[in-house]
Amino acid sequence: MQEPSPTPDGPVANDHVADAVANNWVDTHAPAWTRPYLRLSRADRPIGTWLLLIPCFWSLALAMISDQTIALTDFWIMLVCAKGAWLMRGAGCTWNDITDRKIDAQVARTRSRPISSGQVSVKMAVVWMIVQIAISAVLLLTLNRAAIAMGVLALLPVAVYPYAKRFTWWPQMFLGLAFNWGALMGWVAHTGSLGWPAIILYTAGIAWTLFYDTIYAHQDAEDDALIGVKSTARLFGTNTPIWLRRFIIATVGLMALAIILAVQDHVSPFMLVLALFAPWGMGWHMTWQLRGFDADKPDRLLQLFRLNRDTGLIPLIFLVLALIGSVWLGM
């Protein structure tokens, strides 16, 4: 492992990443030699794993409501999704930092990341990425053939995303394509084939990603402008609140449509209404975030971004309640 290299503002400390959660387990409990690699996988910033995992659980719950079936294999699917989300988020972040190492060194928030600060060499980062992908592949092979195919296809948006900010003002769209793949995977892993409810739920997740990652991107808007990196934050500028509101409407409307298509013929009207509280609750939480949005307060922006774990869990709670009511209670 290389020693940290100096940056234009001086040497980078190797005991913490600038935007990591304070007193996280990596910084306080992980063996010292593993810390740069765990930081490379963003293990010290768990929000990304949640944002990758939650759409998997949405679609799995929706698929179970749709065919009124809960099997032991569904609990294994949940476990595979959880482990796979952690591993593939880590592999994706490693790939992102490999491709962005020169850009990261020029941005205050990312300058302390393991590769740009010299804590991990590019060669070792590639090895670490391959290890994470290999373990994910072993887990993937325990699912049905359709899910395996979907899992392999997921590598495409993951590979393209780091380059998106170089050729489009909408890199957040590409992040949405990658981060919401679980909305397709959960459904396919349960049913064995792709369906319209899953596809529409996937688009709802993309709208959600556009919402939270535009907020996140405003942290780096000034640095991005100086080095020529594109983002929706720079594209929207002072019109960002208008666009965030549009993303809320799209998220709520598309999720509601996915739920209606999936469950309307399989549950009672009461359970359908309960399921539709999922997008309503999510939209309420996103609207609350919008009221607190201030592009000039980076700490607040990061706080709002992290709150999106709760945003995604709200609809999951209602979907699980609808699942229990319709399948186990026969309502």
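The present account deals with the structure reproduced in this document. The shown structure was predicted, so the numbers you read here are calculated from the model rather than taken from an experiment.

Criteria and thresholds
- Residues numbered from 1 in each chain as written.
- Predicted model: local features only at pLDDT ≥ 70, side-chain atom pairs only at ≥ 80, totals over all residues.
- Heavy atoms only, no water.
- Helix = DSSP H or I, 4+ residues; strand = E, 2+ residues; numbered from the N terminus.
- Expected span 1.5 Å × (residues − 1).
- Buried < 20%, exposed > 50% of the residue type's maximum accessible area, 1.4 Å probe, protein only.
- Arc of directions from axis to C-beta.
- Contact = heavy atoms within 4.5 Å.
- Core = buried A, V, L, I, M, F, W, Y, C linked by side-chain atoms within 4.5 Å.
- 1 Å grid on protein atoms, 1.4 Å probe; cavity = no way out; pocket = protein on both sides within 12 Å on 5 of 7 lines; lining within 4 Å.
- Points joined across faces, edges and corners; volume = space filled by probe spheres on them.
- Nonpolar A, V, L, I, M, F, W, Y, C, P; charged D, E, K, R; others polar.
- Axes fitted to C-alpha atoms, helices over the stretch in contact; angles between N-to-C directions.
- Left-handed = near helix turned anticlockwise from the far one by under 90°.
- Phe/Tyr/Trp six-rings, centres within 6.5 Å; stacked < 30°, edge-to-face > 60°.
- Salt bridge = Lys/Arg side-chain N within 4 Å of Asp/Glu carboxyl O.

1. Things to note about helix α6 (residues 122-140)
Taking 1.5 Å as the rise per residue, α6 with 19 residues should run 27 Å; its terminal C-alpha atoms sit 27 Å apart, in good agreement. For α6, the complete set of buried residues consists of A125, M129, Q132, S136, L139 and L140. The arc that holds every buried residue of α6, seen down its axis, measures 100°, which confines them to one face. Exposed side of α6, more than 90 degrees from the buried face: K123, I130 and V138 are the residues found there. Elements in contact with the buried residues of α6: α2 (35-40), α4 (72-99), α7 (145-153) and α10 (182-191).

2. Observations concerning the nonpolar core
General note: in soluble globular proteins, nonpolar side chains tend to be found buried as a group. Counting 74 residues, the largest nonpolar core has W58, L62, L143, F211, I259, V263 and L319 as its most contacted members. With 14 residues, helix α3 (residues 47-67) is the single largest residue contributor to this core. Excluding residues that lie within four positions of it along the chain, F211 makes contacts with L244, F247, I248, M286, Q289, L290 and N308. By size, the runner-up hydrophobic cluster in this structure holds 6 residues, among which are Y37, I115, V120 and A125.

3. Here we look at the layout of surface pockets
As a volume, the second largest pocket reaches approximately 350 Å³. Counting residues per element, the ones that place at least two in the lining of the second largest pocket are α12 (221-227) and α16 (298-306). Looking at side-chain class alone, the lining of the second largest pocket contains 6 nonpolar, 2 polar and 7 charged residues.

4. With respect to unusual backbone geometry
The residue R42 is not glycine, and still its phi comes out positive at about 65°. In this fold, R42 is placed in the loop between α2 and α3. The phi dihedral of Q68 falls on the positive side, at around 55°, and the residue is not glycine. For Q68, the location among the structural elements is in the loop between α3 and α4.

5. A short note on the packing of α3 against α10
Contact pair α3 / α10: the axes reach a minimum separation of 7 Å and the direction vectors enclose 35°. In terms of crossing hand, the pair formed by α3 and α10 is right-handed. Of α10, the residues touching α3 (which contributes P55, C56, S59, L60, L62, A63, M64, S66 and D67) are G182, A183, G186, W187, H190 and T191. Here the residues of the contact of α3 with α10 sort into 8 nonpolar, 6 polar and 1 charged.

6. Observations regarding the packing of aromatic side chains
Think of a pair of aromatic rings as described by two things: how far the centres are apart, and how the planes are tilted against each other in angle. Taken as a whole and assessed by the stated rule, the structure comprises 15 aromatic pairs. A centroid spacing of 6.2 Å and a plane angle of 70° characterise the contact between Y37 and W128, whose relative ring orientation is edge-to-face. One end of the pair, Y37, is in helix α2; the other, W128, is in helix α6, with 91 residues separating them in the sequence. Ring geometry for W181 against Y202: centres 5.8 Å apart, planes inclined by 85°, an arrangement best described as edge-to-face. Of the two residues, W181 sits in the loop between α9 (171-179) and α10 while Y202 sits in helix α11 (residues 196-217), which places them 21 residues apart along the sequence. No difference in accessibility class separates W181 from Y202, as the two residues are buried. Here the aromatic cluster, defined as three or more aromatic residues joined through ring pairs, consists of W58, W208, Y212, Y216 and F305.

7. Focus on the pattern of salt bridges
If you walk through the whole model with that rule in mind, you get 8 salt bridges. The residue R42 makes a salt bridge to D97 at a minimum N-O spacing of 2.9 Å. Of this pair, R42 sits in the loop between α2 and α3 while D97 sits in helix α4, and the two are 55 residues apart along the sequence. This pair shows no difference in class: R42 is buried, exactly as D97 is. For the salt bridge of D44 with R45, the shortest nitrogen-to-oxygen distance reads 3.0 Å. Per residue, the accessibility class of D44 equals that of R45, and both read buried.

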